[in-house]
Amino acid sequence: MDSLTIRNTFIDFYESRGHRRYDSASLIPQDPSVLLTIAGMLPFKPYFMGDATPPTPRATSFQKCARTNDIENVGVTTRHLTFFEMLGNFSFGDYFKREAIRWAWELSVEHFRLDPERIWVTVYEDDDEAEQLWLEESGIPAERIQRLGADDNYWWTHAAGPGGPNTELYYDRGEAYGEAGGPAVNDERYLEYYNLVFMQHALDDDGNILGELPAQNVDTGLGLERMAVLLQGVDNVFETDLFAPLLARAGELTGATYGADGKRDVSLRVIAEHARTAAFLIADGVLPSKEGRGYVLRRLMRRAIRHGQLLGLDVSSGQKLLVPMVEQVIEQMRESYPDLDKQRELITRVAGAEENDFGARLRQGLERVDQAITTVRGTDGASFPGDVAFELHDTFGFPIDLTAEIAEDAGLALDRDAFDELMQQQRERARAGAKKGGGGVPVETYREAAALVGTTDFLGYETLTAEAELGAIVTPGGVQHSATEGDEVEVVLPRTPFYAEGGGQVGDVGLLETPTGRLQVLDTQEAIEGLTVHRARVVAGEVLQGQSVVAHVDGSRRVATARSHSATHVLHATIKEFLGEHAQQAGSLVQPGRLRFDFPHFESVSRERLAEIEATINERVLRDPHVHTDVMSIDDAKKAGAVANFGDKYGQVVRVVTIGEFSKELCGGTHVPSGAKIGTITIVREESIGSNTRRVEALTGVDAFSYLSKERMVAEEIARLVDVPSDQAVERVQGLLDRLKAADRELAKLRGANLSQEAKQIADAATREDGLAVVVTRVDGLAHDDLRRLATEIRGNLGQRAVVVVGSASGDGKAQLICAVSADLAEAGVEARPILHPAAQVVGGGAGGKGDLAQAGGKQGEKLDEALQVAAREARTAVGGR
C-alpha cells in the first residue's frame, strides 16, 4: 500500500464514522509555547483545554509535524526524522476509550490488513479499564498486552497543556529484528505504529497534573512513515515510497549510490530528509534567519549543503543541490499538499538564495575548521575552541550545531561554554539600552473570566456603539468586583463593538460608560480564544461588575484604520502581480493612517518598480471598486480562491473580503465600504528586515495627503533656493552637486600638493642622532586622512631608520596623533602602537593600529604638546640600539 493510499484509507475510515475531516494545519503553530507544530493534536489544543468550542465533537486529520531536538541523529540512524506526518482521530467530549480501541483494531486488521496475531498492545501501568477493553473489543490475548510506566504510556506535549494515559499498538516484524518478548523488551522488532491518548488531565510546564479537563477526550496519532514501513515490507522509512525517490534524486546530483557505502548513505539520508523538511517549512512561511524557526530552517539547509560537499558536490562553484531536491519534494507531495505547488517559486528561490550564500562561504569556513582541529589535536584535554566556533558562526554563517557535529566527527568536543559566553556578550551589546516589559494576567484568570461571561460577541462590523453588562474586571491579581478612578484594569463584556487586535490590525480605543463611572479604553486584545478584553483606565468615578455599560469606539480612529486595512489588501494583490506569487504577506501592521507590509523577496525593490506599484494601487482605488464581505466555511473560501496569509489564525467559518476583481482574502478585520473611501496611498519606505524579507511602509487617507503636502512644500522651497521652476529643481540641484564635487576634487589635489610640499620641508629639516631620525611635529586643523597622509609622506622622504609622530588639535578641543615607522625598523620589531600609546593616554584617549602605522585620539587637546614630547621619548626608547 503506497503512502497516499495509507493516508486516504485512514481519513476515509474515520469520516465514515462521523468524524469531520481537517486538512493539515500550518507548521507554524498558534500555540506560543512551542516553536513548531510537533503533534497532530496541537491545532485542536484549545478544544481539549476547554478554551474554545469545537464545531463538531469528532475530527480526523492528517497533520504535518516537525521536531528538531535531535537533528544531529538524522541520517546517522534510519529512525530519526525532523518532518513526519501524523494521521489522527479525535473526540472532544464525545466517545472515549471503548470506541477508540474498537476502531483502532478494526482499522488495523480489516483495512490495513495487518496480521492480528502479530499485533501487541501496551497500556499505562494502572489503567485496568484500557486492558479490559482490549480484551473485550479485539480478542487479543492477555499475554500480548503489556503495562508500562509514565515514560512510555503517559502522553503530554512537554509544555503546559493537556495530557493523559495512552495505549499503543505495536507490530511484530519477526525474528530478523531481534529477540522476542514484546515491546517492553525490544522496540526495534516490535514497531509502534498507533498511539491512543485518553486526554483527561491539565498539566503545567513541568508535567505536574493540575486537575481534570472539562471533558474526557481522545487524541490519537498513527505515524504515516511507520505504517508505510509495515505495509511496504521494508526495513526502515528511507526505503519507503516517501523517501526512495528523494534518495534517488540526491544520488543523481552527487554521483553517490544509496546502499553502496555506509558513510555516504548517511549524507544521502541527511540531504533527502532535510530537503523535505525545508520545503514544507518555507511553504508555511518560515524563512532563514538567526533565531527561532528561521534558525531551524537555516540549520537544516546548511547541514544538507555540507553533506553534499562531503559527497563531492562543489556548491561554492555553482553546483546545485537544494533547489533540485526541493523541486523533487514538491512533485512528490503536491497532491496531498497543494500549497507546496502554490509556493513553488518561493521554495525554490529561498533554497537557491541560501545555497548561494552558504556555498560561497562553506569552503573558507571548512578551511578554518581544519586549521583549528590541526592546532588542538594531540594536546591534553583537547577541545574545539569556542572562539573559533563563534568566528564560524559570526563570519561564515555556520550554525553552532553544525560546528559541533564536524568537531565530533574529528573526535573533539566543542567548548560550548566559551562559545555561549561570546554569544552572550554579543547579545548584550546588541540590546544595550533596551527595556524589558513586565508580566501580565495569568491565563487561569482569563479562564475564570470566561466562565463568568462566556465568549465575546463582536458587534463592530455593524456599529460603533453598543450596550452591554460589565461582565468581569480583570487584574493580574485576579477577577475583581470593582475598580476606582486611576485604576488600570481589563474589562470583559459579553458583547462589544471594540475590535480586538488581530490580523495585523490594532485594537480599538474609546470609552466605556457606566451609571457610576467612566473608563478610557487604551487597547483591545483577545486574551484567550473567544475572550475579548478592553485594557482601560478608570478616569472618573467607580465601576462595578454587573453594571450596565455603554461602549463607544473612537469612530475617526476606526475609520482611519479601516482605510489602512483595505489599502493593505490592495497593496498585497498589487505587489504579487509585480513581483510574483511568492511575495505573499508574511506580516503586517494596520494602524490609523499607516500600514506596514512584510513579504518574502530576494532583492530590494527598485524606486522605479515602487513607483509603478504606487501608481497602480492608486489607480485601482480611484476606480472605486466595490468592497464586500462574505461569511462562509474555510473549505468554501479556499475553493473560491481566497488568499490565506502566513501565520494567521482561521476558524472553520471565515470572513472573505473581496475588493473589485483583483483581491480576495480571508480577513476578520474592518474595512471601508468602497475603494474610493481609502483615499490616497503613498509608499514612504521599502527596506530589508532580515534575510530574504522586505518591508513596505505606506500612509493612507489624510495622513498620506499631509505627507505629500509637506513633500511638495519642501520641493517648492528647494526650487526657490536654486531659483528655477519646481520641475527643473532636480536638474539644477544635480548640476550644483556635480560642480561641488569637482571643486572638492580640485581642493583635494591642492591640499595634497601642499601636504606633499610640507612633508618634504619637515623631512629636509629633520636631524639624525646615531643615524636615527625622530620627527615630532604639530599641524593643527587637519582631518584624520590628511594627518595620516602627512605622516606617511614625511616617513617616505626620510627613508630608513625613521620614526614620525604628527599631532593635530581641532577647534572643538580634541587631539589626534599618527605614528609612522620606517619599513626597516618595523622589520626589526619596532611597532608604532606601543610608541603612541603613552602619548594617547596624556590626551585622555587610546591608540590603535599595528605594525608600522598607528593612530590615537583624545578629548584633551590642550595637552597635545606634552603628548608629542612623550611620543618622541618613547620612539627613541623603542628603537634603542636597533
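Calculation criteria
- Residues numbered from 1 in each chain as written.
- Predicted model: local features only at pLDDT ≥ 70, side-chain atom pairs only at ≥ 80, totals over all residues.
- Heavy atoms only, no water.
- Helix = DSSP H or I, 4+ residues; strand = E, 2+ residues; numbered from the N terminus.
- Buried < 20%, exposed > 50% of the residue type's maximum accessible area, 1.4 Å probe, protein only.
- Contact = heavy atoms within 4.5 Å.
- Areas by Shrake-Rupley, 256 points an atom, 1.4 Å probe, with all protein chains shown as cover.
- Lys, Arg positive; Asp, Glu negative; His and termini not counted.
- Charge placed at Lys NZ, Arg CZ, Asp CG, Glu CD.
- Pairing = 2+ DSSP bridges.
- Axes fitted to C-alpha atoms, helices over the stretch in contact; angles between N-to-C directions.
- Parallel < 35°, antiparallel > 145°, perpendicular 65-115°, else oblique.
- Left-handed = near helix turned anticlockwise from the far one by under 90°.
- Expected span 1.5 Å × (residues − 1).
- pLDDT = per-residue confidence, 0-100.
- Phe/Tyr/Trp six-rings, centres within 6.5 Å; stacked < 30°, edge-to-face > 60°.
- Lys NZ or Arg CZ within 6 Å of the ring centre and 35° of its normal.
- Core = buried A, V, L, I, M, F, W, Y, C linked by side-chain atoms within 4.5 Å.

(A) Broad picture of the overall build of the protein chain. Within the protein chain, the regular secondary structure consists of 25 helices and 35 strands. Each of the three principal axes of the protein chain carries a C-alpha extent, and together these read 110 × 75 × 50 Å. Per-residue burial for the protein chain yields a buried fraction of 50% across its 882 residues. Within the protein chain, contacts between residues at least 6 apart in sequence are counted, and of these 68% link residues at least 24 apart. Element-wise, carbon and sulfur atoms account for 46% of the exposed surface of the protein chain, whose accessible area totals about 39600 Å². Here the protein chain carries 94 positive and 136 negative side-chain charges, and the mean point of each set is 7 Å from the other.

(B) Region of interest: the sheet that holds strand β31 (residues 772-778). Pairing in this open sheet of 6 strands is mixed, and the strands run β30-β31-β32-β33-β35-β34 from one edge to the other. Across the chains shown, the open sheet's two edge strands, defined by having one partner strand only, are β30 (768-769) and β34 (846-850). Looking at chain direction, β30 and β31 are connected through 2 bridges and run antiparallel. Paired with arginine 768 across the two strands is alanine 773, which belongs to β31. Contacts from helix α22 (residues 784-798) reach β30, β31, β32 (802-809), β33 (815-821) and β35 (853-858), with the element oriented near 155 degrees to β32. Helix α24 (residues 832-842) contacts β32, β33, β34 and β35 of the sheet and is inclined by roughly 155 degrees relative to β33.

(C) Geometry of the environment of valine 185. Mapped onto the elements, valine 185 comes out in the loop between β7 (161-172) and β8 (190-203). Judged by relative accessible area, valine 185 falls into the partly exposed class, the value being 45%. Beyond its immediate stretch of four places on either side in the chain, valine 185 contacts Glu179 and Ala180.

(D) Spotlight on the packing of α24 against helix α25 (residues 864-879). Here α24 crosses α25 at 155 degrees, and the two axes come no closer than 8 Å. The angle between α24 and α25 falls in the class roughly antiparallel. Remark: the crossing between α24 and α25 carries right-handed chirality. Of the residues in α25, those touching α24 at Pro834, Ile835, Pro838, Ala839 and Val842 are Glu866, Ala867, Val870, Ala871, Glu874, Ala875 and Ala878.

(E) Focus on helix α21 (residues 729-764). If you check α21, its first and last C-alpha atoms are 52 Å apart, about what 36 residues at 1.5 Å a residue would give, namely 52 Å. Along α21, the residues classified as buried are Ala729, Gly752, Leu755, Ala759, Ile762 and Ala763. Tucked inside the fold, the buried residues of α21 contact α20 (701-722), β31 and α22.

(F) Quick look at the confidence of the model for the protein chain. Of the residues in the protein chain, 97% have a pLDDT of 70 or more, and the chain-wide mean is 90. Counting contacts from residues 430-439, a segment whose pLDDT is below 50, to residues more than four positions away or on other chains yields 1 contact.

(G) Geometry of the packing of aromatic side chains. Applying the stated criterion to the full structure yields 24 aromatic pairs. Centre to centre, the rings of phenylalanine 83 and phenylalanine 280 are 4.3 Å apart; their planes meet at 20 degrees, and the pair counts as stacked. Of this pair, phenylalanine 83 sits in strand β3 (residues 83-92) while phenylalanine 280 sits in helix α8 (residues 262-283); the two residues are 197 residues apart in sequence, bridging distant segments of the chain. With 5.8 Å between their ring centres and 70 degrees between their planes, phenylalanine 458 and tyrosine 499 make a pair best called edge-to-face. Of this pair, phenylalanine 458 sits in strand β12 (residues 457-458) while tyrosine 499 sits in the loop between β18 (495-496) and β19 (510-513), and the two are 41 residues apart along the sequence. Sitting above the plane of the phenylalanine 662 ring, arginine 620 keeps its charged end 4.4 Å from the centroid.

(H) Summary view of the nonpolar core. With 115 residues, the main nonpolar core has Trp134, Tyr193, Tyr194, Phe384 and Phe398 as its most contacted residues. When residues in this core are grouped by element, the largest group, 11 residues, is from helix α12 (residues 344-376).

(I) Focus on the sheet that holds strand β28 (residues 681-690). Pairing is antiparallel across the open sheet formed by 4 strands, whose spatial order is β23-β24-β29-β28. The two strands at the open ends of the sheet, each matched to only one other strand, are β23 (587-591) and β28. Each neighbouring strand pair of the sheet contributes to a mean axis angle of 15 degrees, computed without reference to strand direction. Direction of pairing for strand β24 (residues 594-600) relative to strand β29 (residues 693-700): antiparallel, over a ladder of 7 bridges. Among the inter-strand pairings, phenylalanine 597 is bridged to a residue of β29, identified as valine 696. The strands touched by helix α17 (residues 555-579) are β23, β24, β28 and β29; relative to β24, the strand with the most contacts, the crossing angle is about 30 degrees.

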